[in-house]
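# Structure assessment
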Amino acid sequence: MTGLFNYIPRQSPIHAMTGAAKLVCMLTWTMAAMITFDTRYLLLLTLSALVLFRVSGIKFREVKVLIAFSAVFMVLNNVLIYLFAPEYGVELYGARTELVHFIGRYGITAQQLLYHANVILKYTVTIPMVLLFVSTTQPSEFAASLNRIGVSYRIAYSVSLALRYIPDILKEYHDISQAQQARGVELTSKENLFKRLKNASAILLPLILSSLERIEVVSTAMELRCFGKRSKRTWYRAQAFAAGDYAIMAAGGALVCISFLLIYLNGGRLWNPFV
Amino acid sequence: MQKLSIKTIVAVGIGAALFFVLHTYVAIPTPIPNTRISFDYPILAVLSLLFGPVAGVLIGIIGHALSDLVYGSIWWSWVAGSAFFGLAMGFVGTKLKLDDGEFGVKGAVIFNIAQAVAHLISWGLIAPALDILIYSEPADKIFLQGAVGSAGNILSTAIVGTLLCIAYVAARPKKGSLTKED
């Protein structure tokens, strides 16, 4: 298996916290970052995220593939924004300070640079935190955490089933795909697009039929074990909250409050140094 | 709220796993850069048809959110698009009777019109509107992404989704195909 949902066991204060507290903290953190467009606050959050990453003892090289993916996406997103709206920052900030002029409507303005900095910071604020959550929380504790923060245990159980069956379905996909390719189903660029889409169905149909059978088997097994008869259930991986957990959840809540406070102080979501 | 049935819970779990695998690992690159055709939406469409709107919404949300989680940032605007698509196809599923072994030309036409409209609403309206609201991105860029996204998804759902429905129905006994012996 490749390193998806790779829980990396370590001894660190972050690993020791309960999953539910980390989940709350991750969600409030991303929410705070989503609300605000205050560059200073985003910068501060990014730095704190990096510090927390350091504390967790997770090494950069352990997550570098995932970071590389996100980095490519981030760069492309910025390029697209610039190509489509080189003056978008000017529009947002209501001021225009041109630094360099290229050609036509393309140039570099201070406002556009600040806007791009915001866009980039939005990534750098959330990515370390989400990766931190994923790599310091056991997948089976993740479902228990969802239930803990108020998601119905039936839905939490669905998430837990999904995490359980991802590796199985991936393996099955590879098996079917190789079997079909051995029979001459072409999926590479030697065929044209429409033919490839049609050929893909030759892999997807066995996959979906076997998944339907799996659904049948698993739901019968759960039915026989009286799943869902009670209004609550317990989780093997659930942990009780400790003082530190309450503290970080409160801190997460505070971050969201700061975001709202900044909207009030800045008179809008943007922090505008130009007026 | 009505309790979810065990069947729905399991369908959501395994459906989300399927969505995740197809979204993350399987895609056909197209000549247009940074645009790929993936098979997550045909599968979401078929599963929603079979298991109904509630399952559709949940597979959309859980499958998409888990796939995003892996890369470090969840784009809730696009997750909402997937949720809507699952919901819409779930309602269409109550009209089409795949489980009774019926999916003729009429079924294929209904399915394709519905999926195209649902994709257009998801990626041309819901996701871009939320992107502008939440992430404050320039409108032209967002709508271009939406247009490219819906075109790719409509194409793959039209071809792969329709073929899957036909093949699924062919593998099921038709309703009323058995007669009682005297």
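Please read these numbers as outputs of a predicted model, since none were measured by experiment.

Below, the discussion takes up the packing of helix H7 (residues 139-148) of chain A against helix H8 (residues 153-182) of chain A. The packing of two helices is summarised by the inter-axis angle and the distance between the axes. Residues and elements named next belong to chain A. Between H7 and H8, the shortest axis-to-axis distance is 8 Å and the interhelical angle comes to 165°. The orientation of H7 relative to H8 falls into the category roughly antiparallel. The crossing of H7 and H8 is right-handed. Residues Pro139, Ser140, Phe142, Ala143, Leu146 and Asn147 of H7 lie in contact with H8, whose contacting residues are Tyr153, Ala156, Tyr157, Val159, Ser160 and Leu163. Tallied by class, residues from the contact of H7 with H8 come to nine nonpolar, three polar and no charged.

Facing 51 residues of chain A, the contacting portion of chain B comprises 46 residues. For the side of chain A that touches chain B, the elements supplying multiple residues, two or more each, are helix H4 (60-84), helix H6 (110-136), H8 and helix H9 (193-224) of chain A. Considering each element in turn, the side of chain A that touches chain B owes the most residues, 18 residues, to H9 of chain A. Within the side of chain A that touches chain B, the residues separate by chemical class into 39 nonpolar, seven polar and five charged.

Per the domain assignment, the segments of chain A are domain 1 (13-138 + 237-266) and domain 2 (150-224). Computed from C-alpha atoms alone, the centre-to-centre distance between domain 1 of chain A and domain 2 of chain A is 34 Å.

For the rest of this paragraph, the subject is H4 of chain A. When the terminal C-alpha atoms of H4 of chain A are compared, their 34 Å separation across 25 residues agrees well with the 36 Å that a helix rising 1.5 Å per residue should span. At leucine 66 of chain A, H4 of chain A shows its largest kink, close to 40°. Contacts from the buried residues of H4 of chain A go to helix H5 (88-93) and H6 of chain A together with helix H2 (40-70) and helix H5 (139-170) of chain B.

Cut-offs applied
- Residues numbered from 1 in each chain as written.
- Chains lettered and ligands numbered in written order.
- Predicted model: local features only at pLDDT ≥ 70, side-chain atom pairs only at ≥ 80, totals over all residues.
- Axes fitted to C-alpha atoms, helices over the stretch in contact; angles between N-to-C directions.
- Helix = DSSP H or I, 4+ residues; strand = E, 2+ residues; numbered from the N terminus.
- Parallel < 35°, antiparallel > 145°, perpendicular 65-115°, else oblique.
- Left-handed = near helix turned anticlockwise from the far one by under 90°.
- Contact = placed C-beta atoms within 7 Å.
- Nonpolar A, V, L, I, M, F, W, Y, C, P; charged D, E, K, R; others polar.
- Domains from an automatic or database assignment.
- Expected span 1.5 Å × (residues − 1).
- Bend = angle between axes of the 7 residues up to and from the residue.

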